[in-house]
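Descriptive analysis of the structure
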Amino acid sequence: MNPELIRVNKAYEKHIALIQLNRPKELNALNLQVMGEIRDTLMELDNDPEVRVIIITGNERAFAAGADIKQMAGKGAIDMLKIDQFSTWDQIRKTKKPIIAAVSGFALGGGCELVMTCDMVVAAESAQFGQPEIKIGVMPGAGGTQRLPRAVGKVKAMEMALTGNFISAEEALNWGLINKVVPNESYLSEAVRLAKDIAKQSPIAVQLAKESVLKAYEMPLQEALSFERKNFYMLFATQDQKEGMAAFVEKRKPSFKGE
Ligand code: HXC
């Protein structure tokens, strides 16, 4: 029997699902099967009304040390074109629910790109981030030359992509790549804390706010502002908007139902 490549707990906490990468011997190298399972799981969780926030994590030693080099080593350009692995990544990017990366140890190459495909990042002090593809004669292919400069700016993205050197969690925090650095033993519990703060909000508002923030990276400002405005108006069609504003006026806590 094949070992489980990822472990999924749909109810890790109330409204919070956990996906754990599970190839510890290979430092969670992201082979095609793992990426396919992540994609399928995210699609399933997106359709599960009980789930409001998703956390992706690895283990203490590695979030993921990149795409599986052994699987790619013998491939030619047309093999890579036919395998079309990036359609999997495109689908992952379309996940409507918020995804938090809980990172400990290595987040390298495709692992760092997976982190950047998530919406927020909580890292252990031990975490190391890098785009070391240059050291094996290639370059980032899943957003590392695009999402990285948007997160950390041109010169730092250049340094990471052209030297392949790793940065520490502290540097990643200072450079704007991650949300917070926490003691090694609490990266997952802190990610859960963040997830809980999101899970108690209206899930429809969360979904539309996520969609709108992502447009900041994809659209010119005027169009993106117009997109944001329409999502804002749309939320006035929800029960959660009525409940949220009534609760404020009545000085009580809102109870959001996702309707
Ligand atoms: C396949 C990997 C791997 C990877 C580690 N392993 N990273 N296998 N693909 N990306 C395997 C090793 O071969 C080894 O298996 C085991 O995991 C432990 O790794 P070691 O190297 O022995 O550990 P250590 O000395 O602690 O070094 C850790 C490391 C190093 C610094 C993270 O493993 C490393 O440099 N890995 C490659 C990082 C990288 O280049 N990533 C980018 C990949 S390209 P064995 O069987 O030998 O014990 C990429 C492109 C993305 O991501 C494009 C889009 C998808």
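Placed above this text is the structure.
Quick caveat: nothing in here was measured; it's all calculated off a predicted structure.

Criteria and cut-off values
Residues numbered from 1 in each chain as written. Predicted model: local features only at pLDDT ≥ 70, side-chain atom pairs only at ≥ 80, totals over all residues. Heavy atoms only, no water. Helix = DSSP H or I, 4+ residues; strand = E, 2+ residues; numbered from the N terminus. Polar contact = N/O pair within 3.5 Å; in protein donor to acceptor, adjacent residues only side chain to side chain. Contact = heavy atoms within 4.5 Å. Phe/Tyr/Trp six-rings, centres within 6.5 Å; stacked < 30°, edge-to-face > 60°. Buried < 20%, exposed > 50% of the residue type's maximum accessible area, 1.4 Å probe, protein only. Pairing = 2+ DSSP bridges. Axes fitted to C-alpha atoms, helices over the stretch in contact; angles between N-to-C directions. Near = heavy atom within 4 Å. Nonpolar A, V, L, I, M, F, W, Y, C, P; charged D, E, K, R; others polar. Salt bridge = Lys/Arg side-chain N within 4 Å of Asp/Glu carboxyl O.

**Observations regarding the side chain of asparagine 28**
- With respect to the helices and strands, asparagine 28 occurs in the loop between strand 2 (16–21) and helix 1 (32–46).
- Of the polar contacts made by the side chain of asparagine 28, one reaches the backbone oxygen of phenylalanine 63; its length is 3.2 Å.
- Once residues lying within four places of it in the same chain are set aside, the contact partners of asparagine 28 are Leu21, Asn22, Arg23, Gly58, Asn59, Ala62, Phe63, Ala64, Ala65 and Gly66.

**A closer look at the packing of aromatic side chains**
- Inspection of the entire model under this criterion finds three aromatic pairs.
- Taken together, a centroid distance of 6.3 Å and an interplanar angle of 70° make the contact between phenylalanine 106 and phenylalanine 166 edge-to-face. Placement of phenylalanine 106 in strand 6 (residues 106–108) and of phenylalanine 166 in the loop between helix 7 (154–163) and strand 9 (167–168) is noted, with a sequence separation of 60 residues between them.
- The class for phenylalanine 166 is partly exposed, based on a relative accessible area of 34%.
- Centre to centre, the rings of phenylalanine 232 and phenylalanine 236 are 5.3 Å apart; their planes meet at 70°, and the pair counts as edge-to-face.
- Judged by relative accessible area, phenylalanine 232 falls into the partly exposed class, the value being 48%.
- A relative accessible area of 37% means that phenylalanine 236 is categorised as partly exposed.
- Put simply, the rings of Phe232, Tyr233 and Phe236 touch in pairs and so form one group of aromatic residues.

**Let's talk about the sheet that holds strand 6**
- Strand order in the open sheet made by the four strands is 4-6-8-9, with mixed pairing throughout. The open sheet terminates on both sides in strands that have one partner only, identified here as strand 4 (62–64) and strand 9.
- Here three bridges tie strand 6 to strand 8 (residues 128–130), and the two strands are oriented parallel to one another. The residue bridging leucine 108 from the neighbouring strand is glycine 130, located in strand 8.
- Against the sheet, helix 5 (residues 110–117) engages strand 4, strand 6 and strand 8, with an angle of about 90° to strand 6.

**Some points on the site of the ligand**
- Taken together, 24 residues sit near the ligand, with Arg61, Ala65, Ala67, Ile69 and Gly110 positioned nearest.
- In the environment of the ligand, an oxygen atom lies 2.9 Å from a nitrogen or oxygen atom belonging to the side chain of arginine 61.
- Taking lysine 70, its side chain carries an N or O atom lying 3.0 Å from an oxygen atom of the ligand.
- When contributions to the shell around the ligand are tallied by element, the ones reaching two or more residues are helix 2 (69–72), helix 4 (86–93), strand 6 and helix 5.
- Here the element with the most residues in the shell around the ligand is helix 2; it accounts for three residues.
- When grouped by side-chain class, the residues that make up the shell around the ligand number 13 nonpolar, four polar and seven charged.

**Overview of the pattern of salt bridges**
- Taken as a whole and judged by the stated rule, the model has 14 salt bridges.
- Glutamate 190 is the partner of lysine 180 in a salt bridge, and the nearest nitrogen-oxygen pair spans 3.5 Å. One end of the pair, lysine 180, is in strand 10 (residues 180–182); the other, glutamate 190, is in helix 9 (residues 187–199), and ten residues separate them in sequence.
- You can call lysine 180 partly exposed: its relative accessible area is 31%.
- Each of the salt bridges in this network shares a partner with another, and the network as a whole consists of Arg23, Glu26 and Asp68.

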